[in-house]
Amino acid sequence: MSGVVRHLYVHLPFCGHRCGYCDFVTVVGRRGEHARYVAALLAELELERAALAPHLETVFLGGGTPTFTEPEALRRVLRRVPAAEEVTVEANPETVTPRLAVLLREEGVTRVSLGAQSFQPELLGVLERYAQPDDVRRAFYDLRDAGFDNISLDLIYGIPGQSPSAVAADIDEALALRPEHLSCYELEAKPGTRFTHAHGEELARQAEAMETYFEEVVDRLTTAGYRWYETANFCRAAEADGGRDLRSRHNLAYWLGRDYLGIGIGAVSTVAGRRWRNTPRLPAYLEALERGSPPAREVEELGADVRRRERVMLGLRLDEPLPLEPTDGVVDRGALRRLEGLGLVAYPTGEDRVEALALTRRGRLLGGGVTAELLA
Amino acid sequence: MQQDRIRNFSIIAHIDHGKSTLADRILELTDTVSGREMREQVLDTMELERERGITIKAQAVRVAWKGHQLNLIDTPGHVDFTYEVSRSLQACEGAMLVVDAAQGVEAQTVANAYLAIENDLELLPVVNKIDLPQADPDRAAQDLAGLIGGDPADVLRISAKTGQGVAEVLDAVIERIPAPSGAPEAPPRALIFDSSYDQYRGVVAFVRVVDGVFRTRERLLAMAEGTRFEAEELGFFSPTMRASDTLEAGEVGYVITGLKDVSRLRVGDTLTSLEHPAAEPLPGYKDVKPMVFAGLFPTDSDEYPALRDALERLKLNDAALLYEPETSQALGFGFRCGFLGLLHMEIVRERLEREFDLDLLVTAPNVAYRVLTTEGHELEVHNPAQMPAEVERVEEPYIRASIIVPKEYVGPVMELATERRGRFDHMEYLSEERAVLIYELPLAEVVVDFYDQLKSRTRGYASFDYDVVGFREGDLVKLDVLIAGEPVDALSLILHRGSAYGRGRALVDKLREEIPRQLFDVPVQAAIGSRVIARETIKAKRKDVLAKCYGGDITRKRKLLERQKAGKRRMKQVGAVEVPQEAFLAVLNLDGSK
């Protein structure tokens, strides 16, 4: 018997080094352990396979740096995961070679998300990224040459020392490559991290200027014909691209509240109102699966109310109106009217028959505050 | 006891000049307390009193010395309790005036010495702490003699700490202080000079019997209030409660009334027998009225019932404390409280926070105003938010302040008093080194930060005391603060027109700093009536987005959002604007008109 989950996340935690700002579950180096980890990962996949539908919509290999994984181990993963309509792999520019690009293509990958982050050498240095701007371009073209027609670039803005004009320059450099998709995130400097310790003062100094960066990113990309389909995600508009919908289908699944299975250390799954997170500890993960047991997990039961709240929280990040009916009781109608008065929220139907809810452009720039306000 | 064997006296001293230590030595020397029972400062019972070195409530202790009954009546040591001090002094025939040999005469000493002289008390000048290396007993004796118009040779010199000279002080009490001279056969009359509340026995009145005899179980009448009750027990403190069948003319003691409400038995009232009442009460009773008001709000609105209960409990022991419910749209439910003065307010606030574990937000204190409206109604306003829009005339309380400073600080003190709308009355030199300045000042100028300024401009050398002398008309305006067009009642102020601009500007600037940016532009204004005198705009945020969600870790993001919402709940809502509690605190703590 097979299940109904149509989205699979696979965590490949290995990295060449750890970048200063990173707070993901990563494991540095350990080349010798890649094969062992992949064996455990595939064992977990077998344990959970019953939950997956026969045909998947999406598979997403995230990290870490999935492309840092030993090529043969990576190939094994790609061969064993079920086929899907969209298979995305995250890649770091310095790990992409023509051979690797061909390998990905051969093994059914349809989409690559390339961690460019910036095109300014000194800002890449601040982020402790090894790739240079030329490496990003070279990697991008290697992927194109291997036949990839759906490439996403990750950019980070708000890097210590990054001026407003440097933000514009990064966007322009990225646009020159004509990627199908862009993810643009503001740098998060977590208190207490090495990175914040080193750059906190600089960040505080530029805090006021940084208020405008998000707007600048949105303006430049939408002017260039990209669709701002999620708070931090942009894709070439369908009409400009022969009707292709270039949104990340995997991430849309999260934002639309779909069920998904995640495997690997630290991976999160949400299936039928229950969410669990695998242990982030590599040795514990390996030992459990080598014994044939599932890894230690932190489990959270999601009540109906929590699920409705999450639906609003995530749904409002998208550019399509959120149907309000399934979120009844969690949206504060008074706040809704107040925010509408402020030009932050628009809802297409009449006052008493609100059916769908969308944020205005300014509402989306203030999406966090607006959402907090709306959730009663 | 025969009246000629009785002496009733108080000790008058500035804070820290050694009153309590002297009282302790007296108790020891007269064997009232054994060495084992002795703990320092026996008379100060409350925890807070011990820490602050302030005696809030007067008590009386009976001691025996060379065949005489001496009643030591303890007086509160601060200006806010002047009325209580004067009641205590009325219960005595004499007072020791104690001055620190190193510090010399302070403003409070002067004020209380005058109070004693007004009450026709025999003053016994005492220089204390002569054992201190920095002591200058000759100079202190000189000052003290100058103050009361005596001979420096008559000034007693002691060290309460070591006990040196204390026996001589007790001898002097018998020799120099007159015996009471009431009419032993007349209908009984006793002055209530203090009261306290006991959970089990109700109100306990501290009395000085002037005429006649009071007996246990006798039915009594408080003449001003008209309260009737039975004397459940009579007695005196030595130093703990000792019951006694009678209290006779000239004696000091307590009456257990069984009354459950302190407000029914007011300090200053006269007790008499219900069956054989005296024709006239003792002179001098007056109802003390609070002069300083402030709003007290729990920082957590759930604590409102706890605050109400705490105020009820405090009121049992503190008849001068007034409180009434107040609702502020910004601060929620709380109480507008009336206090005798600033110290009284501080003590109440500290007791609420310490003994009742409450977290309070206290509005800027204001004074009582007498208002004549344009329609000709007269009213007293205790809360700036209640000031009517149309007023004919506003009167504010004035004080007569005496400030004692070393002469090199006369300039800075005059400068401060002038800034605070003070009118110079006169100046005298107490000695070559020290001057006393007399000013008339609006009380409102003193309740905000005056004392701190005085201390800082004189490096702590100034001492200060005041009396309220009456109400006078002032050029006063109500200053409102508006956030996004909504007046914030808790921040309204009544102040002199001349300082309105500076104060309005400071308030607006501070709020702009303290209120976080919102989803929309927020104008912050200070206004007199409809006229805006200062304005700032808190610009709307330009971005506010939550972090990315990665690998489906939605819970983390939801928790971020929940934290954001929890943060909002701690905010106070002014219209659509969320104002953090800290913003109110910062504004309420804003320094005075400077």
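Everything quoted here is computed from the prediction, not taken from an experiment.

Rules used in this analysis
Residues numbered from 1 in each chain as written. Chains lettered and ligands numbered in written order. Predicted model: local features only at pLDDT ≥ 70, side-chain atom pairs only at ≥ 80, totals over all residues. Helix = DSSP H or I, 4+ residues; strand = E, 2+ residues; numbered from the N terminus. Buried ≥ 20, exposed ≤ 12 C-beta atoms within 10 Å, placed from the backbone. Contact = placed C-beta atoms within 7 Å. Nonpolar A, V, L, I, M, F, W, Y, C, P; charged D, E, K, R; others polar. Pairing = 2+ DSSP bridges. Axes fitted to C-alpha atoms, helices over the stretch in contact; angles between N-to-C directions. Arc of directions from axis to C-beta. Parallel < 35°, antiparallel > 145°, perpendicular 65-115°, else oblique. Left-handed = near helix turned anticlockwise from the far one by under 90°.

Colleague: Would you mind going over the overall build of chain B with me for this structure?
Modeller: The helix and strand inventory of chain B stands at 14 helices and 34 strands. Expressed as a percentage of the 594 residues in chain B, the buried residues total 49%. Across chain B, the fraction of contacts at a sequence separation of at least 24, relative to all contacts at a separation of at least 6, is 69%.

Colleague: Would you mind showing me how to read the overall build of chain A here?
Modeller: In terms of helices and strands, chain A carries 15 helices and 17 strands. For chain A, the proportion of its 376 residues judged to be buried stands at 47%. Of all intrachain contacts in chain A linking residues separated by at least 6 positions in sequence, the fraction that spans at least 24 positions is 70%.

Colleague: Help me out: how do you make sense of the interface of chain A and chain B in this one?
Modeller: By a widely used convention, the size of an interface equals the accessible area lost when the partners come together. Contacts between chain A and chain B engage 36 residues on the former and 24 residues on the latter. Among the secondary structure elements, those contributing two or more residues to the side of chain A that touches chain B are strand 1 (7-12), helix 9 (213-223), strand 12 (268-271), helix 12 (304-315) and helix 15 (367-374) of chain A. Of all the elements, helix 15 of chain A adds the most residues to the side of chain A that touches chain B, at six residues. Of the residues assigned to the side of chain A that touches chain B, the class counts are 18 nonpolar, ten polar and eight charged.

Colleague: Is there a simple way to explain the sheet that holds strand 9 (residues 226-230) of chain A in this structure?
Modeller: What holds strands together in a sheet is hydrogen bonding between their backbones, with the strands either parallel or antiparallel. Residue and element names in this part refer to chain A. Judged by pairing direction, the sheet is mixed, and its nine strands sit side by side in the order 9-10-8-7-6-5-4-1-11 without closing on themselves. In the strand order of this sheet, the two ends are held by strand 9 and strand 11 (261-263), each with one partner. Ignoring which end each strand starts from, the neighbouring axes of this sheet average 20° apart. Taken strand by strand, helix 5 (residues 133-145) contacts strand 6 (111-117) and strand 7 (151-157), and its axis lies near 175° from that of strand 6.

Colleague: Teacher, can you tell me more about the pairing of strand 8 (residues 202-211) of chain B here?
Modeller: Sheet faces and side chains relate simply in a regular strand, where the side chains alternate between the two faces. Residues and elements named next belong to chain B. Within strand 8, nine of the ten residues are buried, which leaves the element mostly enclosed by the surrounding structure. Two elements, strand 7 (residues 189-198) and strand 8, share nine bridges in a ladder whose sense is antiparallel. Each bridged residue has a counterpart across the sheet, and for Ala 190 the counterpart in strand 8 is Val 209. Linking strand 7 to strand 8, which pair antiparallel, is a turn of three residues. With five bridges joining them, strand 8 and strand 15 (residues 252-256) adopt antiparallel strand pairing.

Colleague: Can you help me understand unusual backbone geometry in this one?
Modeller: In terms of backbone geometry, most residues other than glycine have negative phi values and most peptide bonds are trans. Following A:Gly63, the chain continues to A:Gly64 via a peptide bond in cis, the omega torsion being 20°. Along the chain, A:Gly64 turns up in the loop between strand 4 (56-63) and helix 2 (71-80). Of note, the phi angle at B:Lys66 is positive, near 50°, even though the residue is not glycine. Relative to the helices and strands, B:Lys66 resides in the loop between strand 2 (60-65) and strand 3 (68-73).

Colleague: What is the right way to read helix 14 (residues 581-588) of chain B from this model?
Modeller: Because each turn of an α-helix spans 3.6 residues, side chains separated by three or four positions end up pointing in the same direction. Within helix 14 of chain B, the full set of buried residues consists of B:Ala583, B:Phe584 and B:Val587. Considered in projection along helix 14 of chain B, the buried side chains sweep an arc of 100° and stay on one side of the axis.

Colleague: Looking at this structure, I do not really get the packing of helix 9 (residues 410-419) of chain B against helix 11 (residues 450-457) of chain B. What am I missing?
Modeller: Two quantities define a packed helix pair, namely the angle between the axes and the distance from one axis to the other. Residue and element names in this part refer to chain B. Where helix 9 contacts helix 11, the two axes come as close as 9 Å, and the packing angle between them is 155°. Regarding the angle of helix 9 to helix 11, the classification is roughly antiparallel. You can see that helix 9 and helix 11 cross each other, and the crossing is right-handed. Contacts between helix 9 and helix 11 involve Pro 412, Val 413 and Leu 416 on the former and, on the latter, Gln 453, Leu 454 and Arg 457. Of the residues that constitute the contact of helix 9 with helix 11, the class distribution is four nonpolar, one polar and one charged.

Colleague: Hey, could you run me through the sheet that holds strand 3 of chain B in this one?
Modeller: Residue and element names in this part refer to chain B. Strand order in the open sheet formed by six strands is 2-3-1-4-5-6, with mixed pairing between adjacent strands. The two strands at the open ends of the sheet, each matched to only one other strand, are strand 2 and strand 6 (156-157). With two bridges joining them, strand 5 (residues 122-128) and strand 6 adopt parallel strand pairing. Residue pairing in the sheet places Val 126 in a bridge with Leu 156 of strand 6. Contacting strand 1 (6-13), strand 4 (94-100) and strand 5, helix 4 (residues 107-118) runs over the sheet at an angle of about 155° to strand 1. Those strands touched by helix 5 (residues 137-148) are strand 4, strand 5 and strand 6, and its axis lies near 165° from that of strand 5.

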